[in-house]
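In case you want the letters, here they are:
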Amino acid sequence: MDRTFIAKHWYAYIYEQIENQTYDVDFLLKVLGRNPLNILEIGCGSGRIAVPLAQAGHSVTGMDADEYALLRCYRRGIHLPNLRCGKADVIRDDWKTGFDVVVIAGNFLINIESDMDYRQAQRRFMQKASGALLPGGHLYLDFDLSPNPSAVFNELRESSYFSGTDDLGTYGKTVSYGWVYDPATQICVCAAHWEITTSSGESFIVPDNRYKHIPTQEEVYSWLAEAGFSIERTYMNYTDQPLTNPIAPETWRATIWAKKE
């Protein structure tokens, strides 16, 4: 029995069932407008964002490192000739070029999986996005932003963010013991695992320890400027209200629309 296959297939299946919100996709479509665009989405996963973009008439290319999630994207987009997706390490591999828009959404900026220094990887995202765009193209960047990360990301308690049974009869449950945030490094660390039971009744544990770098508003703005972007518009919490500097207390999500000069 291939435990890696069973566990990752289960996770991709359940993730697609649970993570199906549309409010952020609707907002992205509003920002993009109605004219068809050539779009590159980084971290496309199972296509929660890429598929609606293609259905709206845009030409979409998706990149992701998780082949189990990508398989679901292929299946969802089987009748969409304007949707293409492929496997890539989006930190170290080259991105395709010639796009009108690069989309880094779904909080992917702080959910990077890489052995590279986290801050360096986030900074590289801006540089790679610039290289993928045509002159005058745009970056759509959507990520968690808080005026007080210590209050948001420090929580020690056992919880499960999802559980369920996949189409192979595998049951699983995620278990997290909370997050600890270090304000000096801006790193959140989480101890977690998956509890997997196969259709034949065999059980095993998959470690899922995580860490995230929570960038500041100033860091993101400086990375964008360094990569040759000018910020045209910002949005707070998926509304037309712009981001403030310093960050308003009610801020929890930042969306940036930046132009490649």
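Use the structure listed above.
Rules and cut-offs
Residues numbered from 1 in each chain as written. Predicted model: local features only at pLDDT ≥ 70, side-chain atom pairs only at ≥ 80, totals over all residues. Heavy atoms only, no water. Helix = DSSP H or I, 4+ residues; strand = E, 2+ residues; numbered from the N terminus. Buried < 20%, exposed > 50% of the residue type's maximum accessible area, 1.4 Å probe, protein only. Contact = heavy atoms within 4.5 Å. Areas by Shrake-Rupley, 256 points an atom, 1.4 Å probe, with all protein chains shown as cover. Pairing = 2+ DSSP bridges. Core = buried A, V, L, I, M, F, W, Y, C linked by side-chain atoms within 4.5 Å. Right-handed = clockwise from strand over helix to strand, strands pointing away. Axes fitted to C-alpha atoms, helices over the stretch in contact; angles between N-to-C directions. Salt bridge = Lys/Arg side-chain N within 4 Å of Asp/Glu carboxyl O.

Asker: Tell me what's going on with the overall build of the chain, and back it up with residues and numbers.
Answerer: Each helix and strand counted, the chain has seven helices and 12 strands in total. Burial analysis of the chain (261 residues in total) assigns 52% to the buried set. Sequence separation of 24 or more characterises 64% of the internal contacts of the chain that already satisfy a separation of 6 or more. Entry remark: accessible area of the chain is about 12,400 Å², with carbon and sulfur atoms responsible for 51%.

Asker: So what's going on with the pairing of strand E1 (residues 38–42)? Which residues, and what values?
Answerer: Most of E1 is tucked away, with four of its five residues classed as buried. Where E1 lies against strand E2 (residues 59–64), five bridges are found, and the strand directions are parallel. Residue pairing across strands places Glu-41 opposite Gly-62, the latter belonging to E2. Sheet analysis places E1 next to strand E4 (residues 99–104), joined by three bridges and oriented parallel. Residue pairing for E4: Glu-41 is matched across the bridge by Val-103.

Asker: So what's going on with the environment of Ile-187? Residues and values would help.
Answerer: As for its placement among the helices and strands, Ile-187 is situated in strand E8 (residues 187–197). For the pair formed by Ile-187 and Phe-153, sequence separation is 34 residues and the distance between their alpha carbons is 9.5 Å.

Asker: Go over the nonpolar core with me, naming the residues and quoting the values.
Answerer: With 38 residues, the main nonpolar core has Ile-42, Trp-95, Val-102, Ile-104, Phe-125, Leu-139 and Leu-141 as its most contacted residues. Counting only elements with at least two residues in this core, the list comes to E1, E4, helix H5 (118–132), strand E5 (133–144), helix H7 (217–226), strand E11 (229–236) and strand E12 (253–260). Top element by residues in this core is H5. It accounts for six residues. When neighbours within four sequence positions are excluded, Trp-95 is seen to be in contact with Leu-40, Ile-42, Met-63, Val-90, Val-102, Ile-104, Phe-125, Lys-128, Ala-129 and Ala-132. Counting residues in hydrophobic clusters, the runner-up holds 26 residues, among them Leu-32, Leu-83, Tyr-235 and Trp-257.

Asker: An account of the side chain of His-58 is requested, with residue identities and associated values reported.
Answerer: With respect to the helices and strands, the residue His-58 is situated in the loop between helix H3 (50–55) and E2. Those residues in contact with His-58, other than ones at most four positions away along the chain, are Leu-29, Leu-32, Gly-33, Asn-35, Pro-36, Leu-37, Ile-39, Leu-53 and Asn-82.

Asker: Describe the pairing of E5, listing the residues and the values that go with them.
Answerer: Most of E5 is tucked away, with nine of its 12 residues classed as buried. Taken together, the five bridges between E4 and E5 define a ladder with parallel strand orientation. The residue bridging Val-103 from the neighbouring strand is Tyr-140, located in E5. In this fold, the crossover linking E4 to E5 by way of H5 has right-handed handedness. For E5 and E12, the ladder comprises seven bridges, and the chain directions are antiparallel. Following the sheet pairing, Asp-142 is matched in E12 by Thr-255.

Asker: An account of the sheet that holds E5 is needed here, citing residue identities and associated values.
Answerer: Taken together, the seven strands give an open sheet; going across it, the order is E3-E2-E1-E4-E5-E12-E11, and neighbouring strands pair in mixed fashion. In this open sheet, the two edge strands, each paired with only one partner strand, are strand E3 (83–87) and E11. Neighbouring strand axes in the sheet, compared pairwise and without regard to direction, differ in orientation by 15° on average. Packed onto the sheet, helix H2 (residues 23–32) meets E1, E4, E5, E11 and E12 and runs at close to 155° relative to E5. In this fold helix H4 (residues 67–76) packs onto E2 and E3, with an angle of close to 165° to the strand it touches most, E3.

Asker: How would you sum up the pattern of salt bridges? Please name residues and give values.
Answerer: By the definition in use, this model includes 13 salt bridges. Between Lys-30 and Asp-240 there is a salt bridge, with the nearest N and O atoms lying 3.3 Å from each other. One end of the pair, Lys-30, is in helix H2; the other, Asp-240, is in the loop between E11 and E12, with 210 residues separating them in the sequence. The class of Lys-30 is exposed, set by a relative accessible area of 53%. What you see here is one network of salt bridges that share partners, running through Glu-16, Arg-72 and Arg-76.

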